[in-house]
Amino acid sequence: MSDTTIRSNSDVVLIGAGIMSATLGLILKELQPDITIDIYERLDSAAAESSDAWNNAGTGHSAFCELNYTPEGADGSIDPKKAISIAESFEVSRQFWAYLVQQEKVSAPENFIKRIPHISFVWGDKNVEYLTKRYKALQANPLFKDMQFSTDFTELKKWMPLVMEGRKNAEKVAGTTMSIGTDVNFGELTRNMFSHLTKMEGVNMYFHHEVKKLRQRENKSWRIKITNLTDGTIRKAYTKFVFIGAGGGSLPLLEKANIPEGKGFGGFPVSGQWLRCTNPEVIAQHESKVYGKASVGAPPMSVPHIDSRMINGE
């Protein structure tokens, strides 16, 4: 019986066709145009899971409104370091996307990035005190100098009428807003980036291909076993470098890699509830991203928020 296993070689293998693999692939081709890249995706299209617009908040995390990035110490002080670092990182991302647009490597930026205010909103004496201190700590940094703070009920109602509707004027509330916030459609951006990347010489994309095993050989190169989910054929890929960007499937693959970096990690399922509004009258009352404060002891991803999104032109 003949061996029907397909064998392939490339400099780099990217596992998963999401925003992370798209970004890394383009950066690698910028730095080394002759590099060869193979991309394997379990599903039949790019950006179909975590990067899809309906599966993330699209906030373009810049620490403008996410309160969990500015923890309060036991002495009551606010530590802004993480927020500043995240804001700096997001500015680098925006610069990279702008470069790609200028170089005509991605098109129609209006389809994947939109300016929208980022608002933090809290209520109750203790939370108002916290937001006041957070505002002062962040405003000292140039990235946050345009942040506005208010405890005025009327002004907050102008910022976010839908959120303030039905609240009593006597309630102790506070908010901050950054008008230069963004809404990012990471699904659209990812597909846009892959559209350019897969046209480049030495880049191959394989949909309906699932990585089953990967092993580092003595010479530090990798052997990867991949199943074609369409016809069941097996592929063995040989490469110098592997990047795992497989969303929820990343940890099992990291463990299979049997490298020291894969030790000591654990995972647990996280679910959320996303409610989609299709009522034009309600939508017209809200044009911002408003983040609240998670309950004490709750994980950061449990922060309640109400987003205005632009998806598929709507």
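Higher on the page you've got the structure.
None of the values given here were measured: they were computed from a predicted structure. (Residues numbered from 1 in each chain as written. Predicted model: local features only at pLDDT ≥ 70, side-chain atom pairs only at ≥ 80, totals over all residues. Heavy atoms only, no water.)

Asks: I keep staring at the pairing of strand E6 (residues 173-178) and nothing clicks. Help me out?
Replies: When a strand is regular, its side chains alternate between the sheet's two faces. The buried fraction of E6 amounts to six of the six residues, a majority that puts the element mostly inside the structure. The alternating pattern of E6 places Val173, Gly175 and Thr177 and Ala174, Thr176 and Met178 on opposite faces, both of which are buried. As judged from the six bridges shared by strand E4 (residues 118-123) and E6, these two strands associate in the antiparallel manner. Residue pairing across strands places His118 opposite Met178, the latter belonging to E6. (Buried < 20%, exposed > 50% of the residue type's maximum accessible area, 1.4 Å probe, protein only. Helix = DSSP H or I, 4+ residues; strand = E, 2+ residues; numbered from the N terminus. Pairing = 2+ DSSP bridges.)

Asks: It is not clear to me how the layout of surface pockets should be interpreted in this structure. Could you clarify?
Replies: To find leftover empty space, a probe the size of one water molecule is rolled over the atoms. In this structure, the largest pocket encloses a volume near 1,500 Å³. Contributions of two or more residues to the lining of the largest pocket are made by helix H8 (280-283) and strand E13 (305-307). With three residues, the single largest contributor to the lining of the largest pocket is E13. Taken together, the residues of the lining of the largest pocket sort by class into 20 nonpolar, 13 polar and seven charged. In this structure, the second largest pocket occupies an estimated 640 Å³ of space. Considering the residues around the second largest pocket, the lining is formed by 20 residues, among which Ile19, Met20, Asn56, His61 and Phe186 are closest to the centre. Taken together, the elements giving at least two residues each to the lining of the second largest pocket come down to helix H1 (19-31) and helix H2 (81-102). The leading source of residues in the lining of the second largest pocket is H2, at six residues. Broken down by class, the residue content of the lining of the second largest pocket amounts to nine nonpolar, eleven polar and no charged. (1 Å grid on protein atoms, 1.4 Å probe; cavity = no way out; pocket = protein on both sides within 12 Å on 5 of 7 lines; lining within 4 Å. Points joined across faces, edges and corners; volume = space filled by probe spheres on them. Nonpolar A, V, L, I, M, F, W, Y, C, P; charged D, E, K, R; others polar.)

Asks: I keep staring at the packing of aromatic side chains and nothing clicks. Help me out?
Replies: Overall, the coordinates contain six aromatic pairs when judged by the stated rule. Ring centres of Tyr40 and Tyr206 lie 5.0 Å apart, and the angle between their planes is 15 degrees; on these two criteria the pair is classed as stacked. Of this pair, Tyr40 sits in strand E2 (residues 37-40) while Tyr206 sits in strand E8 (residues 203-206), placing them 166 residues apart in sequence. By relative accessible area, Tyr40 is classed as buried at 1%. With a relative accessible area of 18%, Tyr206 lands in the buried category. Pairing Phe64 with Phe144 gives two aromatic rings, centres 5.7 Å apart and planes at 85 degrees, and the pair type is edge-to-face. Of this pair, Phe64 sits in the loop between E2 and H2 while Phe144 sits in the loop between helix H3 (125-139) and strand E5 (148-150), placing them 80 residues apart in sequence. The buried category is assigned to Phe64, whose relative accessible area is 4%. For Phe144, a relative accessible area of 0% corresponds to the buried category. Among the aromatic residues, ring-to-ring pairing joins Phe90, Trp97 and Phe186 into one connected group. Across from the ring centre of Tyr206, 4.4 Å away, lies the NZ or CZ of Arg235, which sits over that ring. Between the NZ or CZ atom of Lys293 and the centre of the ring of Tyr130, over which it lies, the distance is 5.0 Å. (Phe/Tyr/Trp six-rings, centres within 6.5 Å; stacked < 30°, edge-to-face > 60°. Lys NZ or Arg CZ within 6 Å of the ring centre and 35° of its normal.)

Asks: For this particular structure, what's the right way to read the sheet that holds strand E12 (residues 289-291)?
Replies: Note: strands within a sheet are paired through backbone hydrogen bonds, in either parallel or antiparallel orientation. One open sheet accounts for five strands, arranged E5-E6-E4-E12-E13; its pairing is mixed. The sheet terminates laterally at E5 and E13, the two strands that pair on one side only. Neighbour-to-neighbour, the strand axes of this sheet turn through a mean angle of 15 degrees, independent of strand direction. The pairing of E12 with E13 spans three bridges and is antiparallel. Bridge pairing in E13 links Tyr291 to His305. (Axes fitted to C-alpha atoms, helices over the stretch in contact; angles between N-to-C directions.)

Asks: Would you mind going over the environment of Leu100 with me for this structure?
Replies: Its place among the elements puts Leu100 in helix H2. In the structure, Leu100 is positioned 38 residues away from Leu138 in sequence and 30 Å away in space, judged by C-alpha atoms. Leaving out residues up to four positions away in the same chain, Leu100 has contacts with Leu26, Lys105, Val106 and Met193. (Contact = heavy atoms within 4.5 Å.)

Asks: Explain the pattern of salt bridges here, please?
Replies: Where side chains of opposite charge bring their charged atoms close, a pairing between them can arise. Tallied over the entire structure, the rule returns 15 salt bridges. Among the salt bridges present, the one from Arg167 reaches Glu171, with a minimum N-O distance of 3.7 Å. Classification of Arg167 as partly exposed rests on a relative accessible area of 27%. (Salt bridge = Lys/Arg side-chain N within 4 Å of Asp/Glu carboxyl O.)

Asks: Explain empty space enclosed by the protein here, please?
Replies: Enumeration according to the criterion identifies one cavity of 30 Å³ or more in this entry. As a volume, the largest cavity reaches approximately 30 Å³. Within the lining of the largest cavity, the residues separate by chemical class into three nonpolar, two polar and three charged.

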